[in-house]
Amino acid sequence: MTIQWFPGHMTRARRQIQEKLKLIDVVIELIDARLPLSSRNPMIDEILQGKPRLIIMNKADLADPAVTRQWQDYFKEQGHAAFPVDASTGTGVKEIPGQLKLLLKEKIDKQIAKGMKPRAIRALIVGIPNVGKSTLINRLAGRSIAATGDRPGVTKGQQWIKVGSEIELLDTPGILWPKFEDQNVGYKLAVTGAIKEEILNAEDIAFFAVKYLVSYYWDAFRERFELEEDTPHNPDESDEIVAIMEAIGRKRGCLVSGGRVDLEKASRTLLRELRAGKMGRFSMESPY
Ligand code: GDP
């Protein structure tokens, strides 16, 4: 479900997260590994008010692993621990509790030095819609807890989920708005499925995707859609990009009467395949 974010929703979402911050020791900030900047909330530092934070780059199974490693270095340089995860299969998820403990080690050691018995670490997952918050909560819990779907206005009773013996996780994640003031960011989010096609036009999103992918992933793209090696694919030539979209439409049987390509249907098909990882792994932004 897509949320239409209005200023009132943003204020409410922010207030809800800040209420939850009072209850927890550490935040798990979930971002999309394919677009680590565009899938972050633009006010995240301000909202988290200095709470210790672990960055999890989710959907790493769909992202370009070399680029994901660059992002990991980038976040490290910024003073944040960041790890790739695939919450849908669980790859990388079992590292999370250890990383949370590491982040809070100093605090825990101080408590022990004072003779206190450290209590469980309390954590909250935050992130934009569709980034995989519910999937990760269910993974960490080892059972189905979080209902997928986003309703920033709806609150239900909060409960703690035990993750091993030393971590407790709030069962409702904090939902934040994406960084959509920049049109390119909107398109990137749409290509990956974080923003639904009803908001941006499918043909425009597909055009944006093809332009990007023929620049950075031409071989994988060409192979997936069975295009000739010498197919013109200059990203700055709109005609060439549209011709590629039409060729894909023909291959996928997206035609209207008279044999013309149904570009909208072709665009939806193309996007569906990209989002499902059918072309292989790709990232849509890199840090350097
Ligand atoms: P939420 O809105 O942040 O709670 O996101 P959901 O947990 O509902 O996930 C949104 C979609 O992304 C669902 O279709 C999930 O199956 C899918 N998803 C979540 N995590 C991953 C992942 O690591 N890899 C892949 N490929 N898909 C994922």
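Residues numbered from 1 in each chain as written. Predicted model: local features only at pLDDT ≥ 70, side-chain atom pairs only at ≥ 80, totals over all residues. Heavy atoms only, no water.

Within this structure, the stated rule accounts for eight aromatic pairs. Measuring from ring centre to ring centre gives 6.4 Å for Y217 and F282, while their planes differ by 65 degrees; the resulting arrangement is edge-to-face. A residue pair is termed long-range when its members are at least 10 positions apart, and Y217 in the loop between α8 (202–216) and α9 (218–224) and F282 in the segment after α11 (263–275) qualify at 65 residues. The same class applies to Y217 and to F282, which are both buried. Ring pairing ties together the aromatic residues W71, Y74 and F75, which thus form one cluster. In this arrangement the basic side chain of R122 is found over the ring face of W160, its NZ or CZ atom lying 4.1 Å from the centre. (Phe/Tyr/Trp six-rings, centres within 6.5 Å; stacked < 30°, edge-to-face > 60°. Helix = DSSP H or I, 4+ residues; strand = E, 2+ residues; numbered from the N terminus. Buried < 20%, exposed > 50% of the residue type's maximum accessible area, 1.4 Å probe, protein only. Lys NZ or Arg CZ within 6 Å of the ring centre and 35° of its normal.)

The next point concerns unusual backbone geometry. Across the chain, the bulk of peptide bonds are trans and the bulk of non-glycine residues have phi less than zero. Phi at K59 takes a positive value of approximately 60 degrees, unusual for a residue other than glycine. In this fold, K59 is placed in the loop between β2 (53–58) and α3 (65–77). Residue K59 is classed as partly exposed on the basis of its relative accessible area of 22%. A positive phi angle, close to 45 degrees, is found at E226, a residue other than glycine. Note that E226 resides in the loop between α9 and α10 (238–251). Taking the relative accessible area as the measure of exposure, E226 reaches 55% and is therefore exposed.

Below, the discussion takes up the site of the ligand. The local shell around the ligand holds 17 residues, among which D61, N130, K133, S134 and T135 are the closest. Here N58 contributes a side-chain N or O atom positioned 3.0 Å from an oxygen atom of the ligand. Within the side chain of T135, an N or O atom sits 2.5 Å from an oxygen atom of the ligand. Protein coverage of the free-state accessible area of the ligand, which is 580 Å², stands at 78%. Here the element with the most residues in the shell around the ligand is helix α6 (residues 133–141); it accounts for three residues. (Near = heavy atom within 4 Å. Polar contact = N/O pair within 3.5 Å; in protein donor to acceptor, adjacent residues only side chain to side chain. Areas by Shrake-Rupley, 256 points an atom, 1.4 Å probe, with all protein chains shown as cover.)

What follows deals with the nonpolar core. Note on soluble globular proteins: their nonpolar side chains tend to be buried together. Counting 73 residues, the largest nonpolar core has I28, I96, L136, L169 and F221 as the members making the most contacts within it. Residue contributions to this core peak at eight residues, all from α8. The contact partners of I28, leaving out residues within four places of it in the chain, are L54, I56, I96, L100, A123, L124, I125, V126, L136 and L169. With 16 residues, the next largest nonpolar core counts I17, I24, L48 and L124 among its residues. (Core = buried A, V, L, I, M, F, W, Y, C linked by side-chain atoms within 4.5 Å. Contact = heavy atoms within 4.5 Å.)

This part is about the UniProt feature "binding site: GTP" (unreviewed entry) in the chain. The UniProt record annotates "binding site: GTP" (unreviewed entry) at N58, K59, A60, D61, N130, V131, G132, K133, S134, T135 and G174. An extended arrangement is adopted by the annotated residues: their sequence extent is 117 residues, and the largest C-alpha distance between any two is 23.4 Å. Once residues within four sequence positions are removed from consideration, K59 is found in contact with D32, A33, R34, V85, N130 and V131. Positionally, V131 belongs in the loop between β4 (121–127) and α6. (UniProt positions renumbered as here; feature names shortened; annotations may be inferred.)

A separate point is the packing of helix α7 (residues 183–192) against α8. Two numbers describe how α7 lies on α8: the axes approach to 9 Å, and their chain directions differ by 90 degrees. The orientation of α7 relative to α8 falls into the category roughly perpendicular. Of the residues in α8, those touching α7 at N184, Y187, K188, A190 and V191 are D204, I205, F208 and A209. (Axes fitted to C-alpha atoms, helices over the stretch in contact; angles between N-to-C directions. Parallel < 35°, antiparallel > 145°, perpendicular 65-115°, else oblique.)

Another aspect to go through is the side chain of D64. With respect to the secondary-structure elements, D64 resides in the loop between β2 and α3. Here D64 is buried and forms no salt bridge, its nearest opposite-charge partner R69 lying at an N-O distance of 6.7 Å. For D64, the side chain forms a polar contact with the main-chain nitrogen of A66, separated by 3.2 Å. When sequence neighbours within four positions are dropped, the list of residues in contact with D64 reads Y217, R281, F282 and S283. (Lys, Arg positive; Asp, Glu negative; His and termini not counted. Salt bridge = Lys/Arg side-chain N within 4 Å of Asp/Glu carboxyl O.)

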